[in-house]
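Residues per chain, in single letters:
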Protein chains: 2
Amino acid sequence: MNDRRRPATILEVARQAGVSKTSVSRYYSGERERLSGAMRERIVAAATALGYQPNPMARGLKGGPSGLVGMLVADIRNPFSVAIMHGVEQACRQAGLSLMVCNSDNDLEQERQQLALLSSYRIEGLVVNATGRHSDALAQLADSGTPLVLLDRSLADVHADEVGLDNDAAIDMAIAHLREQGYGRLLFITEPPAQASSRQARLERFNQRCRDGSLSGDTLVIELGDRQRLDQALARFVDSAGDSRPAILCANGQVTLALTRRMKALGYLLGEIGLMGIDELEWCDLTEPGITTLAQPTGAIGQAAVDCLRARAVGPRQAPQRATFAPTLTARGSTQPAATPSATAEPSSVSSSSSTSETSS
Amino acid sequence: MNDRRRPATILEVARQAGVSKTSVSRYYSGERERLSGAMRERIVAAATALGYQPNPMARGLKGGPSGLVGMLVADIRNPFSVAIMHGVEQACRQAGLSLMVCNSDNDLEQERQQLALLSSYRIEGLVVNATGRHSDALAQLADSGTPLVLLDRSLADVHADEVGLDNDAAIDMAIAHLREQGYGRLLFITEPPAQASSRQARLERFNQRCRDGSLSGDTLVIELGDRQRLDQALARFVDSAGDSRPAILCANGQVTLALTRRMKALGYLLGEIGLMGIDELEWCDLTEPGITTLAQPTGAIGQAAVDCLRARAVGPRQAPQRATFAPTLTARGSTQPAATPSATAEPSSVSSSSSTSETSS
DNA sequence: TCAGCCAATGGGAACGTTCCCATACGGACT
DNA sequence: AGTCCGTATGGGAACGTTCCCATTGGCTGA
């Protein structure tokens, strides 16, 4: 440890060790086997004495590997995004990569900028969970050879891997559970799906199951800020149920939150009117009588994303892969029409078909 | 827009524009006024034609400003951290800075690494919300001239600004509210304060107010995973209350979450036994009968952090500053002993002394 | 015994920028 | 008319790495 202001350079280490800078460079860029034992010792000694640390800027300039992975997140305040991010992070750490996160805050211009920033730092891969409206910029990045993983989105014109929930399975599981619990009339609520393909996929699957017959279902696409319209739709749906028991399926955590708020405010009884959401939230077991959810395996999803990146870094030109994961159902009071007082009832974690289905498209 | 694989360099732009690279460099490093109008026009034309974008690596290598701010977060899954982060981000955006976030996940080794990573990219400032046990590494960074802001922490031996909640005011507000509501016996629960000075500050203030007399209070320092000990302590506290009404004050959001869980599981009636927490959480109004909180002004805190950074970037050598912010009290059912059914009751946002007190230490 | 090779090492040119210094030129002042 | 200065520009050396291409010396195999 020396106390000089400016950090030590590779040249100083080389001088101190009495070797050439090339050898020191080799030591730090994973070519240690090429060096003799004596050489290695002298280098470590000098490096630790000087507190040397390679300068990634210089390294990146020349073109060596950066060990950096970027992640672009649309909304950092969404707990689901954070959970995935955590998964990605752990996978990165395990792989010896550093993760640099940028939040675009759902702002298009911001997203474009972040993308430019990220791509200008020689990242070795990019995990994207954002609107994806800049498919041109993304496509360019992908074409330039940067491995790309789309989280929970798919973009037709971009050559990239995709990782996410098995949306069809999720919708099917939800419908099956709700019907099992005796709910005959269902309402699927989602935010506008234009920007997120997973919303679209869930909506479509639900619609498809409705058309299949046997299912009396309806869908509501709504901007969550629009409380008035939500309240109206809610009332209309409940009225329309007739003899059937009504239940609501929320497309994601944000919807679940908004809906729980409104149902509470309007005095609807949870369970009486079924409520179920995709995405597990930390308060789902706290609000009476507990909210039934389909939890996404965020850890596995994050891991898979990083795996894709690394695979592509090695064997670059494969067809885009697509990995989907099944959710885990946790049944709670909000889908129990009999309204059993759930005082001490532990939640019954029902199903957990956490199989991984991989399909190359 | 050209489709070449490698991005255009400054030299190519210069050639295309028929000027020298120095002039192009000047154009992009904020010295546009020094260039003649004709020169400027030729440069923009060439640059846009080639899709030129300055390479931050090369720039950082030479020593120009990077426009980068780093943020080190101890636990990204903590909603409070995320809220602050969001504030910092917005402030950065407004100031034309980019934010690069690293999460240390409460892991010391990880933290050390992230710090190294961040400091190796020529960041212009660092916002730290982490254990701070590496005060040596932090001190070194600060000494080397990087502006440093400590969030919600203070570190004796590090020359850095500090921004955070006015902990004394928060504790005082909480105590005042609880007594006003008729609670005579208080229990303050916190996670071990060793690593976080704000925990320490809150604990100390509470203890101090106990010693002042007039307040019958107790404190519990506990690892949140230790459910058994928590349950015991809870029971003992409730029993010990005697004639007085008991209330619990949670030192932060994590504690509030854990405690709400346990109280629900054990069948304690919220309100009957008061519950109040520092940090607002999205579900506080969802769990019956609503939980009273002191919300931190996370936006303002984030803004202040960035302000500190920028101030220090200009006039480097001032004494460390310290900015604290008062919280906002939102009273809900969990501190209403009369147990008014809160069906439609809107929360009464009581106080909001969001004054900023700045003191130089 | 000598060509040929491999393993270990070093020298120097890139990489794309910024910044110091030099140059050219026009106008103001003596 | 000549000196001086200020303004607009350009040339070239850094910055700290990596990587290509030597160079050395010991060893194998004909």
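Basis of the calculations
Residues numbered from 1 in each chain as written. Chains lettered and ligands numbered in written order. Predicted model: local features only at pLDDT ≥ 70, side-chain atom pairs only at ≥ 80, totals over all residues. Near = placed C-beta within 6 Å. Helix = DSSP H or I, 4+ residues; strand = E, 2+ residues; numbered from the N terminus. Nonpolar A, V, L, I, M, F, W, Y, C, P; charged D, E, K, R; others polar. Domains from an automatic or database assignment. Contact = placed C-beta atoms within 7 Å. Axes fitted to C-alpha atoms, helices over the stretch in contact; angles between N-to-C directions. Parallel < 35°, antiparallel > 145°, perpendicular 65-115°, else oblique. Left-handed = near helix turned anticlockwise from the far one by under 90°. Buried ≥ 20, exposed ≤ 12 C-beta atoms within 10 Å, placed from the backbone. UniProt positions renumbered as here; feature names shortened; annotations may be inferred. Least-squares fit on C-alpha atoms with pLDDT ≥ 70 in both. Expected span 1.5 Å × (residues − 1). Core = buried A, V, L, I, M, F, W, Y, C linked by C-beta atoms within 7 Å. Pairing = 2+ DSSP bridges. Right-handed = clockwise from strand over helix to strand, strands pointing away. pLDDT = per-residue confidence, 0-100.

1. Overview of the protein's contact with DNA strand C
Logical step 1: Around DNA strand C, 28 residues are found, and the nearest of them are A:Ser20, B:Ile10, B:Ser25, B:Ala58 and B:Gly64.
Logical step 2: Secondary-structure elements contributing two or more residues to the surface near DNA strand C are helix H2 (21–28) and helix H4 (56–62) of chain A together with helix H1 (10–17), helix H2 (21–28) and helix H4 (56–62) of chain B.
Logical step 3: Per-class residue counts for the surface near DNA strand C are 10 nonpolar, 11 polar and 7 charged.

2. Observations concerning the protein's contact with DNA strand D
Logical step 1: In the neighbourhood of DNA strand D, 27 residues make up the surrounding shell, with A:Ile10, A:Ser25, A:Ala58, A:Gly64 and B:Ser20 lying closest.
Logical step 2: Mapped onto the surface near DNA strand D, the elements with two or more residues apiece are helix H1 (10–17), H2 and H4 of chain A together with H2 and H4 of chain B.
Logical step 3: Here the residues of the surface near DNA strand D sort into 10 nonpolar, 11 polar and 6 charged.

3. Topic: the domain arrangement of chain A
Much of the literature gives interface size as the accessible area that the parts lose upon coming together.
Logical step 1: Splitting chain A by domain gives domain 1 (10–54), domain 2 (68–165 + 299–325) and domain 3 (167–296 + 327–360).
Logical step 2: Between the C-alpha centres of domain 1 of chain A and domain 2 of chain A there is a distance of 35 Å.

4. Side note on unusual backbone geometry
Residue and element names in this part refer to chain A.
Logical step 1: Geometrically, the link from Glu288 to Pro289 is a cis peptide bond, its omega value of 0° lying close to zero.
Logical step 2: By secondary structure assignment, the location of Pro289 is in the loop between strand S9 (274–278) and strand S10 (292–295).
Logical step 3: For Asn106, which is not a glycine, the phi torsion comes out positive at approximately 60°.
Logical step 4: Within the secondary structure, Asn106 is located in the loop between strand S2 (98–103) and helix H6 (108–120).

5. Thoughts on the interface of chain B and chain A
Logical step 1: Each partner contributes residues to the interface: chain B has 38 residues there, and chain A has 38 residues.
Logical step 2: Secondary-structure elements contributing two or more residues to the side of chain B that touches chain A are H4, helix H5 (79–94), strand S2 (98–103), helix H6 (108–120) and helix H11 (253–266) of chain B.

6. Quick notes on the packing of helix H5 (residues 79–95) of chain A against helix H12 (residues 298–314) of chain A
All names here are of chain A.
Logical step 1: Axis separation between H5 and H12 bottoms out at 7 Å; the angle between their running directions is 50°. In terms of orientation, H5 lies oblique with respect to H12. Like other packed secondary-structure pairs, H5 and H12 cross with a definite hand, here right-handed. Here Ala83, Ile84, His86, Gly87, Val88, Gln90, Ala91, Cys92 and Ala95 of H5 come into contact with H12, specifically with Thr298, Gly299, Ile301, Gly302, Gln303, Ala305, Val306 and Arg310.

7. Examining the packing of H2(B) against helix H3 (residues 37–50) of chain B
Residues and elements named next belong to chain B.
Logical step 1: As a packed pair, H2 and H3 sit with axes 10 Å apart at the nearest point and diverge in direction by 85°. Accordingly, the angle class assigned to the pair H2 and H3 is roughly perpendicular. Of the residues in H3, those touching H2 at Ser23, Val24 and Tyr27 are Met39, Arg40 and Ile43.
Logical step 2: Looking at the contact of H2 with H3 residue by residue, the classes come out as 4 nonpolar, 1 polar and 1 charged.

8. Observations regarding the environment of A:Thr260
Logical step 1: Here A:Thr260 shows up in helix H11 (residues 253–266).
Logical step 2: Judged by C-beta crowding, with 22 C-beta atoms within 10 Å, A:Thr260 ranks as buried.
Logical step 3: A sequence separation of 59 residues divides A:Thr260 from A:Ala201, and the C-alpha atoms of the two residues are 23 Å apart.
Logical step 4: Residues in contact with A:Thr260, not counting those within four places in the same chain, are A:Leu275, A:Thr287, A:Ile291 and B:Leu286.

9. Overview of the UniProt feature "domain: HTH lacI-type" (unreviewed entry) in chain A
Logical step 1: Taking the UniProt record as the reference, the feature "domain: HTH lacI-type" (unreviewed entry) is found at residues 8–63 of chain A.
Logical step 2: Helix makes up 66% of residues 8–63 of chain A and strand 0%. Its end C-alpha atoms lie 21 Å apart.

10. Section: the relation of the copies chain B and chain A
Logical step 1: Rotating chain B by 180° about the axis while translating it 0.1 Å along that axis superimposes it on chain A, leaving an RMSD of 0.2 Å. Between the two chains, the operation in question is that of a two-fold axis. Among all residues of chain B, the minimum C-alpha distance to the rotation axis is found for B:Thr287, at 2.2 Å.

11. Overview of H11(B)
One full turn of an α-helix is made of 3.6 residues, so residues set three or four places apart face in the same direction.
Residue and element names in this part refer to chain B.
Logical step 1: Compared with an ideal rise of 1.5 Å per residue, which puts 14 residues at 20 Å, H11 spans 20 Å between its outermost C-alpha atoms and is within 8% of the ideal.
Logical step 2: For H11, every residue scored as buried is listed here: Gly253, Gln254, Val255, Thr256, Leu257, Leu259, Thr260 and Lys264.
Logical step 3: Structurally, H11 contributes buried residues whose contacts are with H5, strand S6 (183–190), strand S8 (245–250) and strand S9 (274–278).
Logical step 4: A positive backbone phi angle near 80° is found at Gly267, which sits one or two residues after H11.

12. What about the environment of B:Pro147?
Residue and element names in this part refer to chain B.
Logical step 1: Its location among the elements puts Pro147 in the loop between helix H7 (135–143) and strand S4 (148–151).
Logical step 2: Each C-alpha atom of the pair Pro147 and Gly51 lies 33 Å from the other, and the pair is 96 residues apart in sequence.
Logical step 3: Once residues lying within four places of it in the same chain are set aside, the contact partners of Pro147 are Gly125, Leu309, Arg312 and Ala313.

13. Some remarks on the nonpolar core
Nonpolar side chains in soluble globular proteins generally cluster together in the buried interior.
Logical step 1: Of all hydrophobic cores here, the largest spans 166 residues; its most connected members are A:Val149, A:Ala305, B:Val149 and B:Ala305.
Logical step 2: Each residue touching A:Ala305, except ones within four places of it in the same chain, is listed here: A:Val88, A:Val127, A:Val149, A:Leu151 and A:Val163.

14. Brief notes about the pairing of S9(B)
Residues and elements named next belong to chain B.
Logical step 1: Among the 5 residues that make up S9, 5 are buried, leaving the element largely enclosed by the rest of the structure.
Logical step 2: Here S9 shows no split at all, with Gly274, Met276 and Ile278 on one side and Leu275 and Gly277 on the other all buried.
Logical step 3: Bridge count for S8 against S9 is 4 bridges, and the pairing is parallel. Residue pairing in the sheet places Leu249 in a bridge with Met276 of S9.
Logical step 4: For the handedness criterion, the β-α-β arrangement of S8, H11 and S9 is classed as right-handed.
Logical step 5: As judged from the 3 bridges shared by S9 and strand S10 (residues 292–295), these two strands associate in the parallel manner.

15. Describing the pairing of strand S5 (residues 161–165) of chain B
Residue and element names in this part refer to chain B.
Logical step 1: In terms of burial, S5 is a largely internal element, 5 of the 5 residues being buried.
Logical step 2: For S4 and S5, the ladder comprises 3 bridges, and the chain directions are parallel. Paired with Val149 across the two strands is Asp161, which belongs to S5.

16. Here we look at the confidence of the model for chain A
Residue and element names in this part refer to chain A.
Logical step 1: Residue-level pLDDT values for chain A average 86, and 90% of them are 70 or greater.
Logical step 2: Strand S14 (residues 356–360) is the least confidently modelled element of chain A, averaging 41 in pLDDT, while S10 averages 98, the highest of any element.
Logical step 3: Low confidence marks residues 339–361, where pLDDT is under 50. Its contacts with residues over four positions away, or in another chain, come to 36 contacts.

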